[in-house]
Amino acid sequence: MRRAAILALGVILIALLCADWVAPHSYQTQFRDDAGARPSRQYPLGTDALGRDRLSRLLYGGRISMLMAPLAALLAVALALLAGLSAGCLGGWWERAAATVTDLCLSLPWLFLLLAARAMLPLNVGAEASILVTFALLGLLGWAGPSRIVLATVKRHLASDFVLAARAAGCPLRRIALVHLLPHLMPVAAAQFWVTTPAFLLSEANLGLLGLGVAEPTPSWGNLLREMENLSQVARSPWIAAPLAALVLVVSCFHLVVSSEEYQA
């Protein structure tokens, strides 16, 4: 199942990266005479209320979500490595302060914290700025959970024989952290990356559904879900649920990869 999930993610990512050639139209081209059109050969998923091709917007929007969510996850994991490694190596009040900040971040509801941080920023930002703001917030606010796991791993390795031998040989703390501990944290960081990326995809979808994510006219899977606010419209036009189906498929593939790694471990 893990190989099938990775293969599916690879195929989806390639299709999204090739959106310029795969998509039938530009994501912002409006066919005003065909606004709200049903699926056809020209518009495989129909058009929205502004006459924009839904399939094209799905592909271009997926490219943004699938590229930026992993980048935000990399930022969160990097911050978690920095916080957990420094807290574990320095110990004392530094470790207590890092643990207090981590517990405070984890005690707050993740979605409400994200909404509060986003609401404090200007809502009328441009499309490119909204992409950077949305995923930068995800990365900057999503480090606490991985940091706790990194810290526990560091503390376990600090009691291992190779670290004790390095200390006995007179290695400075920086060398112990970067040379002896950091390589052993990479598998943990990789696992946290696979866990965090789908969480960020869903978080961006929540922000987009509330109108706080990527700004129009640039599409993302989050703001494309806003068409589904009217359930009766979904019942009459089920093809507008294509972004939800794509999101569920991608998140399921990520979870299959993570669960397979845990089972093998």
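The structure presented is a predicted model; accordingly, all values stated were derived computationally and were not measured.

Let's hear about the overall build of the chain: which residues, and what values?
Looking only at helices and strands, the chain features twelve helices and zero strands. Across its three principal directions, the C-alpha atoms of the chain cover 75 × 40 × 30 Å. Classification of the 265 residues of the chain by burial places 46% in the buried group. At a minimum sequence separation of 6, the contacts of the chain that also span at least 24 residues come to 70%. Accessible surface, the chain as shown: approximately 13,800 Å² in total, 67% of it carbon and sulfur. Distance from the positive charge centre (19 side chains) to the negative charge centre (15 side chains) of the chain: 6 Å.

Tell me about the packing of aromatic side chains, and name the residues and values.
Tallied over the entire structure, the rule returns five aromatic pairs. Ring plane angle 75 degrees and centroid distance 5.6 Å describe the contact between Trp 93 and Trp 94, whose orientation is recorded as edge-to-face. Through pairs of rings, three or more aromatic residues link up here, namely Phe 193, Trp 194 and Phe 254.

Which residues make up the packing of helix 3 (residues 54-90) against helix 4 (residues 92-107), and what are the values?
Between helix 3 and helix 4, the least distance of the axes is 7 Å, while the angle of their chain directions is 145 degrees. Crossing handedness for the pair helix 3 and helix 4: left-handed. Contact residues: helix 3 offers Ser 86, Ala 87 and Leu 90, while helix 4 offers Gly 92, Trp 94, Glu 95 and Ala 98. Grouping the constituent residues of the contact of helix 3 with helix 4 by class yields four nonpolar, two polar and one charged.

How would you summarise the nonpolar core if you had to cite specific residues and measurements?
Within the largest apolar cluster, 62 residues are counted, with the highest numbers of intra-cluster contacts made by Phe 135, Leu 181, Trp 221 and Val 250. Here the element with the most residues in this core is helix 3; it accounts for 14 residues. Sequence-distant contacts of Val 250, that is, excluding residues within four places in its chain, are made with Leu 9, Ile 12, Met 66, Leu 201 and Trp 221.

How would you summarise helix 4 if you had to cite specific residues and measurements?
Here helix 4 is 16 residues long and its end C-alpha atoms lie 22 Å apart, about the 22 Å a rise of 1.5 Å per residue gives. Residues of helix 4 that are buried include every one of Glu 95, Ala 98 and Thr 102, and no others. Within helix 4, the buried residues cover an arc of 65 degrees as seen down the axis, which keeps them to one side. The outward face of helix 4, more than 90 degrees from its buried face, is lined by the exposed residues Trp 93, Arg 96, Thr 100, Leu 104 and Ser 107. At its buried positions, helix 4 is contacted by helix 3 and helix 7 (144-158).

Which residues make up the pattern of salt bridges, and what values go with them?
Opposite charge on two side chains makes pairing possible when the charged atoms of those side chains draw close. Tallied over the full model, the rule gives seven salt bridges. Of the charged contacts, one joins Asp 48 and Arg 52 as a salt bridge, the two residues approaching to 2.9 Å between their closest N and O atoms. Like Arg 52, Asp 48 is buried. Arg 148 is the partner of Asp 103 in a salt bridge, and the nearest nitrogen-oxygen pair spans 2.2 Å. Of the two residues, Asp 103 sits in helix 4 while Arg 148 sits in helix 7, which places them 45 residues apart along the sequence. The partly exposed category is assigned to Asp 103, whose relative accessible area is 37%. Given a relative accessible area of 45%, Arg 148 falls into the partly exposed group. Within this structure, Asp 48, Arg 52, Arg 57 and Glu 216 form a network of salt bridges that share partners.

An account of helix 1 (residues 2-17) is requested, with residue identities and associated values reported.
Counted at 1.5 Å a residue, the expected span for helix 1 with its 16 residues is 22 Å, and the 22 Å between its end C-alpha atoms agrees. For helix 1, the complete set of buried residues consists of Ala 5, Leu 9, Ile 12 and Leu 16. The buried residues of helix 1 occupy one face: seen down the axis, they fall within an arc of 65 degrees. In helix 1, the exposed residues that point more than 90 degrees away from the buried face are Arg 3, Leu 7, Val 11 and Ile 14.

Calculation rules
- Residues numbered from 1 in each chain as written.
- Predicted model: local features only at pLDDT ≥ 70, side-chain atom pairs only at ≥ 80, totals over all residues.
- Heavy atoms only, no water.
- Helix = DSSP H or I, 4+ residues; strand = E, 2+ residues; numbered from the N terminus.
- Buried < 20%, exposed > 50% of the residue type's maximum accessible area, 1.4 Å probe, protein only.
- Contact = heavy atoms within 4.5 Å.
- Areas by Shrake-Rupley, 256 points an atom, 1.4 Å probe, with all protein chains shown as cover.
- Lys, Arg positive; Asp, Glu negative; His and termini not counted.
- Charge placed at Lys NZ, Arg CZ, Asp CG, Glu CD.
- Phe/Tyr/Trp six-rings, centres within 6.5 Å; stacked < 30°, edge-to-face > 60°.
- Axes fitted to C-alpha atoms, helices over the stretch in contact; angles between N-to-C directions.
- Left-handed = near helix turned anticlockwise from the far one by under 90°.
- Nonpolar A, V, L, I, M, F, W, Y, C, P; charged D, E, K, R; others polar.
- Core = buried A, V, L, I, M, F, W, Y, C linked by side-chain atoms within 4.5 Å.
- Expected span 1.5 Å × (residues − 1).
- Arc of directions from axis to C-beta.
- Salt bridge = Lys/Arg side-chain N within 4 Å of Asp/Glu carboxyl O.

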